[in-house]
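Analysis of the macromolecular model
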Amino acid sequence: MYRAVRFFGVAAIVAVCACVNLCLAEPPLVVGVMDPLALPLSCPCVEGHAQRRYEKLAAFLEGELRRPVEVVFSEDLSKILRGDSGKPVHVVIGKQSVVRFDANTLDFPLRPAMMLTGKDGKTTLVGLVVVRTDDPARTLGDLTGYTVLFGPPASDEKFAAAVEALRKAGIKTPAKPETRPGCSDSVLEMLDNPDKPIAAVISSYAAALLEGCGTIEKGSIRVVGETAPAPFVTVFFTDAVDEALGAEIRAALAAVVEHPDLLTALETQLGFVPIDATAKPSEKKPETASPPPAEEPAVAPQTSWPGWRGPGRDGVVAHLPARLPKEARILWSKELTGKGLAGIVATEDFVIIADRDAMDCGDVFRCLDAASGIEIWTLEYATSGEIQDYGSVPRATPLVAEGMVYALGGLGDLHCARLATGEVVWSRNLVRDFGGAVPTWGYCSSPLLVDGKLIVNPGAKDASLVALDCASGAEVWRCPGLPAAYASFIVGRFGGERQIVGYDEKTLGGWDPETGRRLWTLVPPAAGDFNVPTPIDAGGRLIVASETNGTRLFDFEPGGAIVPEPVARNEDLAPDASTPVLVGGRLFGCWDAVYCLKADSTLAAIWTGDEDLGDYSSVVASPDRVLVVTKRGELLLIDAAADAFTVVSRLRIFADDAEVLSHPALVGSRLYLRDMAKVVCVDLSED
């Protein structure tokens, strides 16, 4: 599909004659649009969905930049670059992985500049793994022996991310996965072969279009799993955009958020936002979404650790070193004033540390330069009240998203600040604003961002769980319930329904992300759990671990309710604080030792380590390695595929008397760790 249109819009702009003459004298800014939700590239079947009107953006840019704008639509970058006019292309807007794939094929340099948020305020999409409604499969783990129809390798959410999601569920894929060019192609093939075990991977935005356009009957497919988020619509600059022009375009795009009519026309909540710190504007040659090797997914380097347990909130990374360095290479170290409980957050440029002042009178959130450890800004405020153990230090890991930092203190102070400057955008207090009661060991649940809503748990009778607008802090919904527990919440698709899952003081539950309605409640068989470890999405099933009830695997009914009786349980892995990690069909957890369980319907032990680790360790895992950070400050690198407990290498970071309770952050080869006195940056590059 190819369409080129020029928009001058001069008549629509009230301007003096000199401005009009300047606009006409300037050469046109050529914008190539590859956004699959652009109206010329989609269809008008579903009102308000996939009908982005880029001609409205073009008219706006003309007024802001005072030059004509020409928009070219195509699903193919080569056609955009070839065009009809022969004019150089300045800007390309499209699905990030597809644009990069095409640019790499053409050896055409592009640099990412900004991203377009969706109606949910997010800059990402996911791949959905679907089956026929009457198919017996209910989770990704049930797809053994199925033919899975992937999308083209250029679409990360339908290929690389989907292969990774299946692998995490224990499903191996062939060396050359079967692919289909479009979502409709794979779904129709699946529906046309009811006697064959087939699953299809589609883009999350395509589900509504398939039914709305009449391609498939409503209710004929069912979601059994989804991939990790992948970057979606991205603005790229070509070499035709110099630094000055680039700054003008960025400023104009950033101003879109101030125009409600444009937000509606572009089907966006927050307009265009700065590119994530993981993409460097200076890069010249784009990356490619290359196909994976045999039975292994294509994986990207770990370039940010934006919140609790990393990008997927699951402790899983694409790569860990084959061996640890022989000696600790400390790149920098910074002394802190408070004790360390909250996890670390890091991007390629910034490190966020939750701290406390020396007198234990107020919270201090520090933003450090990732390369040097130099302090860039601090967010400080006085607090009142006390928390049991370790003073009143913050316990919840901050969250970085869309250029903002969301920081929750142990006594309920919640702030949204700009990542680059520390400027506070809004603040709330969970006790004062919602009637919450500070738990014995403080507020520990790390904020969760879902569809532009920040999920926190005040634990008040009429506001046990609350959703706030991430941009303003305004309340979106609240759900009554019990006092707060300590575990962080997750979001996933269970029983075909997307839901928030987590604990209150006494029960496990699921909540509708849109309304806050509680979907189900599970009371554990034995009372007394503190409910600290985070629930784990096991490909549509749920794994929970606690000190009293051990580790359990749950299934779900169609419609999203949990099946009360667990599929399996393991009483040996019973951590009171450490959250296990699921990778490669295995569950790795720590209590008094390291445990490795089968992540299937048995939860059977594969092995148990013979080293006493004490009562807490943090775990990060890749497909072939498990990194354990012990409470004593030692790193253990374990073979993830071995049939027995195998320590590949070990490395001591802190002194023997150290106490490490803060979850680390891993960005590239840099591991950020803190004990009770300081934070260090350790280079894990292989010798």
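One structure accompanies this document, and this report is about it. (Residues numbered from 1 in each chain as written. Predicted model: local features only at pLDDT ≥ 70, side-chain atom pairs only at ≥ 80, totals over all residues. Heavy atoms only, no water.)

Overview of the overall build of the protein
Each helix and strand in the protein was counted, giving 10 helices and 45 strands. Whereas a compact globule of 687 residues would reach a radius of gyration of roughly 26 Å, the protein reaches 25 Å, a difference of no more than 12%. Dimensions of the protein along its principal axes, counting C-alpha atoms only, are 75 × 65 × 55 Å. Put simply, the protein has 687 residues, and 58% of those count as buried. (Helix = DSSP H or I, 4+ residues; strand = E, 2+ residues; numbered from the N terminus. Rg over C-alpha atoms; globule rule 2.2 N^0.38 Å. Buried < 20%, exposed > 50% of the residue type's maximum accessible area, 1.4 Å probe, protein only.)

Some points on the sheet that holds strand β23 (residues 448–450)
One open sheet holds the four strands; their spatial order is β23-β24-β25-β26, and the pairing between them is antiparallel. Lying at the two open borders of the sheet, with one neighbouring strand each, are β23 and β26 (475–479). Shown here is a sheet whose adjacent strand axes are inclined to one another by a mean of 25°, direction ignored. Both strand β24 (residues 453–456) and strand β25 (residues 465–469) contribute to a ladder of four bridges, which runs antiparallel. (Pairing = 2+ DSSP bridges. Axes fitted to C-alpha atoms, helices over the stretch in contact; angles between N-to-C directions.)

Topic: the pattern of salt bridges
Taken as a whole and judged by the stated rule, the model has 38 salt bridges. Measuring nitrogen to oxygen at the nearest pair gives 2.6 Å for the salt bridge that ties E189 to R180. Given a relative accessible area of 19%, R180 falls into the buried group. Here R356 and D363 are joined by a salt bridge, their closest N and O atoms 2.6 Å apart. Note on accessibility: R356 and D363 belong to one class, buried. Bridged by salt links that share partners, the residues K334, D355, R366, E375 and R674 form one connected network. (Salt bridge = Lys/Arg side-chain N within 4 Å of Asp/Glu carboxyl O.)

Section: the sheet that holds strand β33 (residues 550–554)
Across the sheet, which stays open at both edges, the four strands sit in the order β31-β32-β33-β34 with antiparallel pairing between neighbours. Since the sheet does not close on itself, it has two edges, and those belong to β31 (536–538) and β34 (568–570), each with one partner. Each adjacent strand pair in this sheet contributes to an overall mean axis angle of 20°, direction not counted. As defined by bridge partners, strand β32 (residues 541–546) adjoins β33 across five bridges and the pair is classed as antiparallel.

Some remarks on unusual backbone geometry
We note that D389 has phi near 70°; this positive angle belongs to a residue other than glycine. Checked against the element boundaries, D389 lands in the loop between β18 (375–382) and β19 (399–401). The residue Y390 is not glycine, and still its phi comes out positive at about 65°. Tracing the chain through its elements places Y390 in the loop between β18 and β19.

Describing the nonpolar core
Judged by nonpolar contacts, the single largest core of 57 residues is most densely connected at Y54, L57, V130, V187, I249 and F272. Each residue touching V187, except ones within four places of it in the same chain, is listed here: V130, A200, I202, L210, I216 and I221. By size, the runner-up hydrophobic cluster in this structure holds 33 residues, among which are L324, V629, V660 and L684. (Core = buried A, V, L, I, M, F, W, Y, C linked by side-chain atoms within 4.5 Å. Contact = heavy atoms within 4.5 Å.)

Some details on the packing of helix α2 (residues 54–65) against helix α8 (residues 243–254)
Between two packed helices, the angle of one axis relative to the other and the distance separating the axes together describe the packing. Running from N to C, α2 and α8 cross one another at 125°; their axes reach a closest spacing of 10 Å. Judged on the interaxial angle alone, α8 and α2 are oblique. You can see that α2 and α8 cross each other, and the crossing is right-handed. For the pair α2 and α8, contact is made by L57, F60, L61, E64 and L65 and by E248, I249, A252 and L253, respectively. (Parallel < 35°, antiparallel > 145°, perpendicular 65-115°, else oblique. Left-handed = near helix turned anticlockwise from the far one by under 90°.)

Some words on the pairing of β32
For β32, the tally of buried residues reaches six of six residues, placing the bulk of the element in the interior. Here three bridges tie β31 to β32, and the two strands are oriented antiparallel to one another. Across the sheet, the residue bridging to D537 is L542, located in β32. Here β31 folds back onto β32, and the loop between the two strands holds two residues, one of which, G539, carries a positive phi near 65°. Where β32 folds back on β33, the antiparallel hairpin that results is connected by three residues.

Comments concerning the packing of aromatic side chains
For the structure on display, the rule yields 11 aromatic pairs. Their ring planes at 10° and their centres at 5.4 Å tell us that Y205 and F232 sit as a pair that is stacked. Here the residue Y205 occupies a position in the loop between β9 (198–203) and α7 (206–212), and F232 occupies one in the loop between β11 (230–231) and β12 (233–237), the gap between them amounting to 27 residues. For the pair shown, Y205 and F232 are each scored as buried. Ring centres of Y406 and W426 lie 6.2 Å apart, and the angle between their planes is 45°; this geometry places the pair in the tilted category. Placement of the pair is Y406 in strand β20 (residues 404–408) and W426 in strand β22 (residues 424–429), with a sequence separation of 20 residues. Three or more aromatic residues joined by ring pairs form one cluster here, namely W441, Y486 and F530. (Phe/Tyr/Trp six-rings, centres within 6.5 Å; stacked < 30°, edge-to-face > 60°.)

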